[in-house]
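# Topology and contacts: notes
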Amino acid sequence: MSIFTQVVAVLVAIEFIYIFFLETIATKSAKTSKVFGMDKDELSRKSVNTLFKNQGVYNGLLSVLIFVAVFAFASKAAVIALMLYIIGVAIYGSFTSNPKIILLQGGLAIVTLISCFF
């Protein structure tokens with residue numbers, strides 16, 4: 001696996017750590033409200049707050065898996081699988097939520113996936 005692939009994969013992991021932070025720790029913040037286009041009052045609802053925290057843990061663990069794939073296993077196959085998964089979720093989100101998600105959430109993953117083949 002090239003150094004470039006490792007670097008962009010780590011950037012994807014950092015992106016998901018940031019999403020984890022917003023969804024799990026700063027759930028009711030103005031920044032979370034802005035990033036997700038949701039009113040702060042909506043984010044304060046218990047049901048939404050719980051859903052965000054659960055989703056945040058998922059994103060945090062995804063970043064851990066990327067770090068493991070890059071550093072512990074040094075596995076290009078694992079990085080490819082994770083990037084395909086992230087891109088798939090981003091495609092789904094772009095159809096069901098906001099078309100920009102394919103680039104916002106999937107952009108770096110797409111670059112990482114392409115770099116795996118060079």
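Residues numbered from 1 in each chain as written. Predicted model: local features only at pLDDT ≥ 70, side-chain atom pairs only at ≥ 80, totals over all residues. Heavy atoms only, no water.

### What about the overall build of the protein?
When you go through the protein residue by residue, the secondary structure sums to 7 helices and 0 strands. Ordering the α and β elements of the protein from the N terminus gives α-α-α-α-α-α-α. Expected size for 118 residues packed as a compact globule is a radius of gyration near 13 Å; at 15 Å, the protein falls within 12% of this value. For the protein, the C-alpha atoms occupy an extent of roughly 45 × 30 × 20 Å along the three principal directions. Looking at the protein residue by residue over its 118 residues, the buried ones come to 39%. The contacts of the protein with a sequence gap of at least 6 include a subset with a gap of at least 24, amounting to 56%. (Helix = DSSP H or I, 4+ residues; strand = E, 2+ residues; numbered from the N terminus. Rg over C-alpha atoms; globule rule 2.2 N^0.38 Å. Buried < 20%, exposed > 50% of the residue type's maximum accessible area, 1.4 Å probe, protein only. Contact = heavy atoms within 4.5 Å.)

### Brief notes about the nonpolar core
Judged by nonpolar contacts, the single largest core of 18 residues is most densely connected at V12, F16, I66, V79, L82, M83 and I86. Looking at this core, the elements with two or more residues in it are helix 1 (3–25), helix 4 (46–72), helix 5 (76–96) and helix 7 (107–115). Look past the residues within four positions of M83 in its chain and what remains in contact with it is V12, I66, A109, T112 and L113. (Core = buried A, V, L, I, M, F, W, Y, C linked by side-chain atoms within 4.5 Å.)

### Considering a nonpolar patch on the surface
On the surface, a nonpolar cluster with roughly 430 Å² of combined accessible area is contributed by I3, V7, L11, I14 and I17. Within the secondary structure layout, V7 lies in helix 1. (Patch = residues over 30% accessible without salt bridge, like charges linked within 9 Å, V, L, I, M, F, W, Y side chains within 5 Å. Areas by Shrake-Rupley, 256 points an atom, 1.4 Å probe, with all protein chains shown as cover. Salt bridge = Lys/Arg side-chain N within 4 Å of Asp/Glu carboxyl O.)

### Regarding helix 7
Think of an α-helix as 3.6 residues a turn; residues three or four steps apart then line up on the same face. Taken together, the buried positions of helix 7 are G107, A109, T112, L113 and S115. Looking at the buried residues of helix 7, the elements they touch are helix 1, helix 5 and helix 6 (101–104).

### Considerations on the side chain of S33
Examined against the element boundaries, S33 turns out to sit in helix 2 (residues 30–36). Leaving out residues up to four positions away in the same chain, S33 has contacts with M38, D39, K40 and L43.

### Structural notes on the packing of helix 5 against helix 7
Contact geometry for helix 5 and helix 7: axes closest at 9 Å, N-to-C directions at 145°. Helix 5 and helix 7 meet at a crossing whose hand is left-handed. Taken together, the residues of helix 7 that come into contact with helix 5 (itself represented by V79, I80, M83, L84, I86 and I87) are A109, I110, T112 and L113. Among the residues forming the contact of helix 5 with helix 7, the class breakdown is 9 nonpolar, 1 polar and no charged. (Axes fitted to C-alpha atoms, helices over the stretch in contact; angles between N-to-C directions. Left-handed = near helix turned anticlockwise from the far one by under 90°. Nonpolar A, V, L, I, M, F, W, Y, C, P; charged D, E, K, R; others polar.)

### Quick word on the packing of helix 4 against helix 5
Interhelical geometry of helix 4 versus helix 5 gives an angle of 155° and a closest axis separation of 9 Å. Our classification of the angle between helix 4 and helix 5 gives roughly antiparallel. The hand of the helix 4/helix 5 crossing is left-handed. Every residue of helix 5 that contacts helix 4 at Y58, L62, L65, I66, A69 and V70 is listed here: A78, V79, L82, M83, Y85, I86 and V89. (Parallel < 35°, antiparallel > 145°, perpendicular 65-115°, else oblique.)

### Structural notes on unusual backbone geometry
A positive phi is found at A74, a non-glycine position, where the angle reads about 45°. Mapped onto the elements of the fold, A74 is located in the loop between helix 4 and helix 5.

### A closer look at the packing of aromatic side chains
Within the structure shown, the criterion is met by 3 aromatic pairs. Seen in terms of ring centroids, F36 and F52 are 5.1 Å apart; in terms of plane orientation they differ by 80°. Their pairing is edge-to-face. With F36 in helix 2 and F52 in helix 4, this pair connects stretches of sequence that are 16 residues apart. On the numbers, 6.3 Å between centres and 20° between planes, the contact of F67 with F71 is stacked. In this pair, F67 and F71 are both assigned in helix 4, 4 residues apart and thus about one turn of the helix distant. By relative accessible area, F71 is classed as exposed at 55%. (Phe/Tyr/Trp six-rings, centres within 6.5 Å; stacked < 30°, edge-to-face > 60°.)

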